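# Secondary and tertiary structure notes
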Amino acid sequence: MEILSSRVILRPGDYARTLEFYRDGLGLAIAREYPGGTVFFAGQSLVEVAAHGGTGASTAFDGAIWLQVRDVDSAAVELALKGIPIDRAPKQEPWGLIEMWVRDPDGVPVVLVEIPPEHPIRRDSRWSDD
């Protein structure tokens, strides 16, 4: 099987409020819009907010949306100025990433991650002398 692209699809309880969170709150750029939905660029992935296809029974989402940012402290200030509550302030985790957690209007966890220069994710192993 060949995977050509991917995205996270959210079916929120309140489409307009969730759209506003991702568009205005997080500042994600719109990739495309269609009747009843909006697809956002999220780095190398896409996040789609859809006003259709849900059961209406629950908006539970067991997971998180992971978004890499250049400077998580600056992101924290920006979100605070926009009135977005921060669930967990930026801190360096035992695995080396600097993470901050917020939630969208339906409670979907969104982790904003800064990758320090010395972290293995940032190293290009093709140029290592090891």
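Please refer to the structure placed before this passage.
Computed from a predicted model, the values in this text were never measured in an experiment. (Residues numbered from 1 in each chain as written. Predicted model: local features only at pLDDT ≥ 70, side-chain atom pairs only at ≥ 80, totals over all residues. Heavy atoms only, no water.)

## Topic: helix α1 (residues 15-25)
Of the positions making up α1, those classed as buried are Thr18, Leu19, Phe21, Tyr22 and Gly25. One side-chain oxygen at the N-terminal end of α1 lies 3.3 Å from the backbone nitrogen of Ala16; it belongs to Asp14. A positive backbone phi angle near 75 degrees is found at Gly27, which sits one or two residues after α1. (Buried < 20%, exposed > 50% of the residue type's maximum accessible area, 1.4 Å probe, protein only. Helix = DSSP H or I, 4+ residues; strand = E, 2+ residues; numbered from the N terminus. Polar contact = N/O pair within 3.5 Å; in protein donor to acceptor, adjacent residues only side chain to side chain.)

## Structural notes on the sheet that holds strand β7 (residues 98-103)
The four strands are arranged β5-β8-β7-β6 in an open sheet whose pairing can be described as mixed. Here the strands that pair on one side only, and so sit at the sheet edges, are β5 (65-68) and β6 (88-92). Along the sheet, successive strands turn relative to each other by an average axial angle of 20 degrees, direction set aside. In this sheet, strand β8 (residues 109-114) lies alongside β5 in parallel orientation, the contact comprising four bridges. Across the sheet, Leu67 pairs through a bridge with Leu112, a residue of β8. (Pairing = 2+ DSSP bridges. Axes fitted to C-alpha atoms, helices over the stretch in contact; angles between N-to-C directions.)

Scope: geometric values only; no functional claims are made or implied.
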